Amino acid sequence: MTWVDMVRSLLTERARELGFISIGFVRPQRPPFFDQYMERLSQKKHGDMSWLERGREIREAPQRLLQGCKTIICLAFPYSAEKPATRDGFTLSRYSQPDLEDYHVRLKTLCGSLVDVLEEHWEGCKNRVCVDSVPLMERSVAYAAGMGFFGKNNMLIIPGYGSYFYLAEILTTAPLETGETRPMESQCGDCRQCVANCPTGALRGPYTLDASRCLSYLTIEYKGELDHESGTRMAKCFFGCDRCQEVCPFNGDEGASRAFLPSTREFLEMDESVFEAEFGRTALSRAGLRKIKSNIMAVTNAER
Ligand code: SF4
Ligand code: SF4
C-alpha cells in the first residue's frame, strides 16, 4: 500500500466514524456543468441571489481557494428523512434541522477532525475547510469525485442513500487524488416524478432549474413578501421545499414528520429575543424571524 493509499484509507475510516456517508477525492479542476451554470446566470434565473454572480473565477478554478491545492476532499453528511413540524401541523424543509446547531458549524467541526488526521500524516500540508461558505460548485465537484449522479431535480443522488445529505469539502495541498474517479451516469431512467411534482414549475424540465421560481429560494433568500399564489403552492411548508426530493424513489417513502416546534401562532407572536434564544444558532437564523413570519402569513392565509 502506498503512503497516499494509507492516508486516504485513514481519512475514509475516520470520516465513517464521524458519521459521513461518503467521501471522494478529486483533483481541483473546472467543475462539470460550469458552462450551464454561466448560462443560467446570463438568463437571470438566480433571482436576487447576487452572490452567485460573484466569484466566477473561483467557481471555474477552485484551486484558487488554497494556494498549492492538489486535492479536494468531498464529504457527504446525512440529515434525517423525518420532516420537522410545528405543533399545529406546518412543516419545514428537512435540511433545516431546527433542533440542532446550524449544519455549517457542525460540519466545520467534523471536518476539523479530518484535518487533524491529514496534518498528522502529511507533514506541512495546508488545508481549508469549506461548508457552503465560498463560491464552490459543491455538487459538481462531488459529482466529479464520483460520489453520486445528478438527478433530474438537480440534486446529487448517492445510490443506496438518496439525496438527504449536506456537502462539505476540504481543500488540501496533499496530493491524494489518484486519478481513479469517474463521474457516475444518471440512474433516473424514465422517471420524471420530480419535474411533474414541482409546485411552481421551477423545475422546468430535467436538469433545468429556474431558481427564481423555486420555493427553497423564495422562502429563505428572497427578501420580499410572498403572494397568495406562492402561499398556495407552499402547501404547509413555510421554510424551504423538499417536494422534488420527497417524490424521488431514491429517497424511499416520504417519511414521518415530527411536531416539536412552536405553533405557527406562537411563531407569529414571538419576539426577536425569544427567537434568538431558541433558534439563533440553528439554520432558521439564516432566514430570520421576520421572513419566517411573513412565510407563515402567506401559507396560513392561503389555507383560509
Ligand atoms: S425545491 Fe420545490 S419549488 Fe424548488 S424545484 Fe424542488 S419542488 Fe420545485
Ligand atoms: S424523482 Fe425520478 S427523475 Fe427525479 S431525480 Fe429522482 S429518480 Fe430522477
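Keep in mind the model is a prediction, meaning the values are calculated, not measured.

K.L.:
Looking at this model, I keep getting lost on the side chain of threonine 86. Mind explaining?
P.N.:
Take threonine 86: it is sitting in strand E3 (residues 83-86). Apart from residues no more than four positions distant in its own chain, threonine 86 is found in contact with Phe238, Ala259, Leu261, Pro262, Ser263, Thr264 and Phe267.

K.L.:
Looking at this model, I keep getting lost on the site of ligand 1. Mind explaining?
P.N.:
Neighbouring ligand 1 are the residues Cys198, Pro199, Thr200, Leu209, Cys214, Leu215, Ser216, Cys241, Arg243 and Cys244. Breaking the shell around ligand 1 down by element, the ones donating at least two residues are helix H7 (215-218) and helix H9 (243-246). Grouping the constituent residues of the shell around ligand 1 by class yields seven nonpolar, two polar and one charged.

K.L.:
Just to check I follow, could you spell out the sheet that holds strand E1 (residues 22-26) for this structure?
P.N.:
Whenever strands of a sheet pair, they do so through backbone hydrogen bonds, lying parallel or antiparallel. Across the sheet, which stays open at both edges, the four strands sit in the order E1-E2-E8-E5 with antiparallel pairing between neighbours. Taken across any chain shown, the strands that pair with only one partner, and hence form the sheet edges, are E1 and strand E5 (127-130). Adjacent strand axes in the sheet meet at a mean angle of 20°, parallel and antiparallel pairs treated alike. The pairing of E5 with strand E8 (residues 165-172) spans four bridges and is antiparallel. Residue pairing in the sheet places cysteine 130 in a bridge with glutamate 169 of E8. Running at roughly 150° to E1, helix H1 (residues 3-18) makes contact with E1 and strand E2 (71-78) of the sheet. The strands touched by helix H4 (residues 103-121) are E2, E5 and E8; relative to E8, the strand with the most contacts, the crossing angle is about 35°.

Rules of the game
Residues numbered from 1 in each chain as written. Chains lettered and ligands numbered in written order. Predicted model: local features only at pLDDT ≥ 70, side-chain atom pairs only at ≥ 80, totals over all residues. Heavy atoms only, no water. Helix = DSSP H or I, 4+ residues; strand = E, 2+ residues; numbered from the N terminus. Contact = heavy atoms within 4.5 Å. Near = heavy atom within 4 Å. Nonpolar A, V, L, I, M, F, W, Y, C, P; charged D, E, K, R; others polar. Pairing = 2+ DSSP bridges. Axes fitted to C-alpha atoms, helices over the stretch in contact; angles between N-to-C directions.

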